[in-house]
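Given next are the chains, with one letter for each unit.
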Amino acid sequence: MNATQVTEADERLLHTSALRKLMGRPELGSVVGAIAVFVFFAFFADSFLRASSLSTVLYAASTIGIMAVPVALLMIGGEFDLSAGVMVTSSALVSSMFSYQMTANVWVGVGVSLLVTLAIGAFNGFMLTRTKLPSFIITLGTFLMLTGLNLGFTKLIDGTVSTKSIADMEGFPSAHDVFAATITVGGVGFKVTILWWLALVAVASWILLRTRAGNWIFAVGGNKDAARAVGVPVTRTKIGLYMGVGLGAWISGQHLLFSYDVVQSGEGVGNELIYIIAAVIGGCLITGGYGSAVGSAVGAFIFGMTSKGIVFAEWNPDWFKFFLGAMLLLATLLNAWVRKRAEATK
């Protein structure tokens, strides 16, 4: 092997080095940010490092992360969903009211709720692909319709803005164990939503990195016309992504219901922005074609650390939105810088 061949081999090895692969990961910026936030609150909040505090932080992160994962996949696919927040409430309301009014086992209501939320997701995807309207318009319309339906049906059926208690109905204890149980580890209680969250991250990462559907998601987010030209089923992919958001809303909604056994019809408004923020902090681009499920999990974890860290530090919680907005800007700038550095070293 001559000197030229050695140089070429070295360049090929450099091109595939672990450092370059790391620099190319979309969640790198959010991981750096998460470490910074963790160190910050560990220094300023004495109780932040306690096991019970970590449990609280993880729970707060999981309630956001369960929805942030499918929202991140949707954003990688080039779309977003403004109805995601109220869809969670719709999921809980359907389960509660169907079970109570039909005097059925609560698992019947849970099953009906799953069908309804998947149908809402399919409706969003179908309308998007058939009308060619922006996802902003389609899902804003769904957001308004669900907001009205949540309030209107609850008042029509139950006479108030909240549902009746289903805590004494058949199947409630087992459903509570699945969606709202507390698991004790080493004397510290951890909510089962953390397991749901980690499972969704694992499944979503597998889909994105190991399946043909993952290639389709990145392709339609990068350039849907080019993707369609090479045989990618754009319509099916986008509908599937919206149904994924519906699945996340179903899980979150059941947790909401079986944690408190009643649901307020006005809940969920505004949470869709939190899900999008978590995905963006985690490295997803608004323009699509870039991001990861792990990044959305890190973004949700940053949200959980900030929301609870302010409480542990005994600061005025009125400043929470300021810190959240600052983190969004800083994380976006850091992610953009990392991405440019990665592209420059290719």
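Residues numbered from 1 in each chain as written. Predicted model: local features only at pLDDT ≥ 70, side-chain atom pairs only at ≥ 80, totals over all residues. Heavy atoms only, no water.

(A) Fine view of the overall build of the chain. Regarding its fold elements, the chain presents 15 helices and two strands. Taking 2.2 N^0.38 as the reference for a compact globule, 346 residues should give roughly 20 Å; the C-alpha atoms of the chain span a radius of gyration of 22 Å, in line with that estimate. Projected onto its principal axes, the C-alpha positions of the chain cover 80 × 55 × 35 Å. Within the span of the chain, comprising 346 residues, buried residues form 48% of the whole. Once local pairs closer than 6 in sequence are excluded, the contacts in the chain between residues at least 24 apart make up 76%. As displayed, the chain has an accessible area near 16600 Å², and 68% of this comes from carbon and sulfur atoms. Across the chain, 22 positive and 18 negative side-chain charges occur, with their mean positions spaced 10 Å apart. (Helix = DSSP H or I, 4+ residues; strand = E, 2+ residues; numbered from the N terminus. Rg over C-alpha atoms; globule rule 2.2 N^0.38 Å. Buried < 20%, exposed > 50% of the residue type's maximum accessible area, 1.4 Å probe, protein only. Contact = heavy atoms within 4.5 Å. Areas by Shrake-Rupley, 256 points an atom, 1.4 Å probe, with all protein chains shown as cover. Lys, Arg positive; Asp, Glu negative; His and termini not counted. Charge placed at Lys NZ, Arg CZ, Asp CG, Glu CD.)

(B) Local environment of the pattern of salt bridges. Inspection of the entire model under this criterion finds three salt bridges. Here Lys238 makes a salt bridge to Glu79, at a shortest N to O gap of 2.7 Å. Taken together, the residues Lys238 in helix H12 (residues 234-260) and Glu79 in the loop between helix H4 (51-76) and helix H5 (84-101) connect sequence positions 159 residues apart. The salt bridge partner of Arg228 is Asp225, with a shortest N-O separation of 3.6 Å. Of this pair, Arg228 and Asp225 both sit in helix H11 (residues 224-229), three residues apart, which is roughly one turn of the helix. (Salt bridge = Lys/Arg side-chain N within 4 Å of Asp/Glu carboxyl O.)

(C) Region of the structure containing helix H14 (residues 293-312). Helix length check: H14, at 20 residues, gives a terminal C-alpha distance of 28 Å against a target of 28 Å (1.5 Å per residue), a fit within 8%. Across the 20 residues that make up H14, a large majority, 16, are buried. Among the residues of H14, the N-terminal cap falls to Ser292, whose side-chain oxygen and the backbone nitrogen of Gly295 are separated by 2.9 Å. Once H14 ends, the next one or two residues include Glu314, with phi positive near 60°. (Expected span 1.5 Å × (residues − 1). Polar contact = N/O pair within 3.5 Å; in protein donor to acceptor, adjacent residues only side chain to side chain.)

(D) Up close: the UniProt feature "transmembrane region" (unreviewed entry) in the chain. When the UniProt feature table is mapped to this numbering, "transmembrane region" (unreviewed entry) covers residues 28-45, 57-75, 106-126, 133-153, 178-209, 273-303 and 319-338. In the segment residues 28-45, helix accounts for 94% and strand for 0%; the C-alpha atoms at its two ends are 26 Å apart. The span residues 273-303 carries 65% helix and 0% strand; its end-to-end C-alpha distance comes to 12 Å. (UniProt positions renumbered as here; feature names shortened; annotations may be inferred.)

(E) Fine view of unusual backbone geometry. Phi is positive for Thr103, which is not a glycine, with a value near 45°. For Thr103, a relative accessible area of 69% gives the class exposed. Phi is positive for Asp261, close to 65°, though the residue is something other than glycine. If you trace the backbone, Asp261 turns up in the loop between H12 and helix H13 (271-281).

(F) Highlighting the nonpolar core. Within the largest apolar cluster, 79 residues are counted, with the highest numbers of intra-cluster contacts made by Trp197, Phe258 and Ile302. The element best represented in this core is H4, accounting for 14 residues. Discounting chain neighbours no more than four positions away, the residues touching Phe258 are Val106, Val110, Ile166, Phe172, Ala175, His176, Phe179 and Ala180. With five residues, the next largest nonpolar core counts Val220, Ala227, Val232 and Val234 among its residues. (Core = buried A, V, L, I, M, F, W, Y, C linked by side-chain atoms within 4.5 Å.)

(G) Region of the structure containing the packing of aromatic side chains. Under the defined criterion, the tally for this structure stands at 14 aromatic pairs. With a centroid separation of 6.4 Å and an interplanar angle of 65°, the aromatic rings of Phe48 and Phe312 are classed as edge-to-face. With Phe48 in the loop between helix H3 (28-44) and H4 and Phe312 in helix H14, this residue pair connects regions lying 264 residues apart in the sequence. Look at Phe48 and you get buried, because its relative accessible area is 5%. A connected cluster of aromatic rings, assembled from ring pairs, spans Phe38, Phe40, Phe41, Phe43, Phe44, Phe48, Phe312 and Trp315. (Phe/Tyr/Trp six-rings, centres within 6.5 Å; stacked < 30°, edge-to-face > 60°.)

(H) Broad picture of the side chain of Asp158. Following the sequence through the fold, Asp158 ends up in helix H7 (residues 135-158). For Asp158, the contacting residues outside a window of four places in its chain are Met97, Gln101, Phe153, Thr163 and Lys164.

(I) Structural view of the environment of Gly295. You can see Gly295 is positioned in helix H14. Sequence-distant contacts of Gly295, that is, excluding residues within four places in its chain, are made with Glu27, Ser30, Ala278 and Gly282.

(J) Seen up close, the side chain of Asp261. In this structure Asp261 is buried but unpaired, with Lys164 as the nearest side chain of opposite charge at 12 Å. A distance of 2.8 Å separates the side chain of Asp261 from the side chain of Ser165, its partner in a polar contact.

(K) Here's a closer look at a nonpolar patch on the surface. Taken together, Phe123, Met145, Leu149, Phe153, Leu156 and Ile157 make up a surface patch of nonpolar side chains, about 580 Å² in accessible area. Broken down by element, the residue count for the nonpolar patch peaks at five residues, all from H7. Residue position: Leu156 is located in helix H7. (Patch = residues over 30% accessible without salt bridge, like charges linked within 9 Å, V, L, I, M, F, W, Y side chains within 5 Å.)

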